Amino acid sequence: MDNFQKVALVTGGSRGIGEAIVKRLASDGFIVYGTYNSSPEKAEAIAESLRSDGKQVHFKKMDISSDESIRAGIEEIVAESGRIDVLVNNAGITKDTLLMRMTEQDWDDVLNTNLKGAFLCCKAVARPMMSQRAGRIINISSIVGLRGNAGQVNYSSSKAGMIGLTKSLAQELASRNILVNCIAPGYIETDMTDKLNDDQRKAFADKIPLKRAAKPEEVANVVSFFANADSTYVTGQVIAVDGGLAM
Ligand SMILES: NC(=O)c1ccc[n+]([C@@H]2O[C@H](COP(=O)([O-])OP(=O)(O)OC[C@H]3O[C@@H](n4cnc5c(N)ncnc54)[C@H](O)[C@@H]3O)[C@@H](O)[C@H]2O)c1
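Residues numbered from 1 in each chain as written. Predicted model: local features only at pLDDT ≥ 70, side-chain atom pairs only at ≥ 80, totals over all residues. Heavy atoms only, no water.

(A) Local environment of the overall build of the protein chain. When its secondary structure is counted, the protein chain shows nine helices and seven strands. For a compact globule of 247 residues, the expected C-alpha radius of gyration is about 18 Å, and the protein chain comes in at 17 Å, within 12% of that figure. Over its C-alpha atoms, taken along the principal directions, the protein chain stretches across nearly 50 × 40 × 35 Å. Considering the protein chain as a whole, with its 247 residues, one finds that 49% of them fall into the buried category. (Helix = DSSP H or I, 4+ residues; strand = E, 2+ residues; numbered from the N terminus. Rg over C-alpha atoms; globule rule 2.2 N^0.38 Å. Buried < 20%, exposed > 50% of the residue type's maximum accessible area, 1.4 Å probe, protein only.)

(B) Layout of the layout of surface pockets. Approximately 1,500 Å³ is the volume attributed to the largest pocket. In terms of lining residues, the largest pocket is bounded by 50 residues, among which Thr94, Tyr155, Thr190, Met192 and Thr193 are the most central. Listing elements by their share of the lining of the largest pocket, those giving two or more residues are helix H1 (16–27), strand S2 (31–36), helix H5 (144–147), helix H6 (153–173), helix H7 (191–194) and helix H8 (198–207). Residue composition of the lining of the largest pocket, grouped by class: 18 nonpolar, 23 polar and nine charged. (1 Å grid on protein atoms, 1.4 Å probe; cavity = no way out; pocket = protein on both sides within 12 Å on 5 of 7 lines; lining within 4 Å. Points joined across faces, edges and corners; volume = space filled by probe spheres on them. Nonpolar A, V, L, I, M, F, W, Y, C, P; charged D, E, K, R; others polar.)

(C) View of the site of the ligand. Taken together, 28 residues form the shell around the ligand, and within it Arg15, Ile64, Asn90, Tyr155 and Thr190 come nearest. Within the contact set of the ligand, an oxygen atom lies 2.9 Å away from a backbone nitrogen or oxygen of Ile188. In isolation the ligand exposes 820 Å². Once the protein is present, 93% of that is buried. If you map the ligand onto the pockets, it falls in the largest pocket. Mapped by element, the contributors of at least two residues to the shell around the ligand are H1, H6 and H7. Residues belonging to the shell around the ligand are distributed by class as follows: eleven nonpolar, 13 polar and four charged. (Near = heavy atom within 4 Å. Polar contact = N/O pair within 3.5 Å; in protein donor to acceptor, adjacent residues only side chain to side chain. Areas by Shrake-Rupley, 256 points an atom, 1.4 Å probe, with all protein chains shown as cover. Sits in = over half its atoms within 2 Å of the grid points.)

(D) Inspection of the sheet that holds strand S7 (residues 238–241) at higher detail. Read across the sheet, seven strands follow the order S3-S2-S1-S4-S5-S6-S7 without closing on themselves; strand pairing throughout is parallel. Both outer strands of the open sheet, strand S3 (57–61) and S7, are each paired with one neighbouring strand and no more. Averaged over all neighbouring strand pairs, the angle between strand axes comes to 20°, with direction disregarded. Two elements, strand S1 (residues 7–10) and S2, share four bridges in a ladder whose sense is parallel. Bridged to Val10 within S2 is Gly34. (Pairing = 2+ DSSP bridges. Axes fitted to C-alpha atoms, helices over the stretch in contact; angles between N-to-C directions.)

What follows is the structure, encoded as structure tokens:
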């Protein structure tokens, strides 16, 4: 057993899958830092409610598409807590449309947030994790990064890129005992999928072997596995949390 409390950073932790990850890692005993981009009230309400339950949760404003914002935020966390043990690259956006209508801006915005943001966060935590000779990086990709999806060339490219990032970084950092893994969620009930209408929801669910969408907590369970002691010999892996969709 380590005689210190481990520190986890979850990007985009104030709603959806990120919120479930913050709650799960806090329950696992981590000091958790979540990031928010807008609405500090929502982030503070989550942190307050967890703190009143004895958990150690803090939120910081960080723009994941900005190197400056990421570096400042991560430096602050390391200065406050003395270490960083887990990074969960969860923040992400979509700007869906067919290729012929997709603008260069739609492409850049999605790639800059989802893929470049994850790269910059990995870079900012790598140094403290290397000097600790321990760390876990968990990238939240998507099954569309494995299978593609019409109307999402920007998003699916960013998510496929996260898989390449995971496997390359796992090889680079293995000698320092830093494990890098990836989760590819399928259809999860969050604000991101709230945009779907009832027919689209039913059409999605019908294609899933388990015949239902997942709760964000079902993704957080797998993050917990990658963040904790049961996965000490697992690196460079992609686990689909998709009810069997991408078999
Ligand atoms: N919901 C799904 O079905 C599903 C499926 C596969 C993958 N995912 C992935 O899971 C992750 C979480 O998705 P979700 O459904 O909870 O989405 P969501 O839209 O509810 O949450 C995304 C989070 O990212 C944050 N974010 C976006 N841009 C940011 C920026 N520039 N700087 C800082 N934070 C920023 C948002 O503030 C928000 O907290 C995303 O990476 C998404 O691509 C979701």
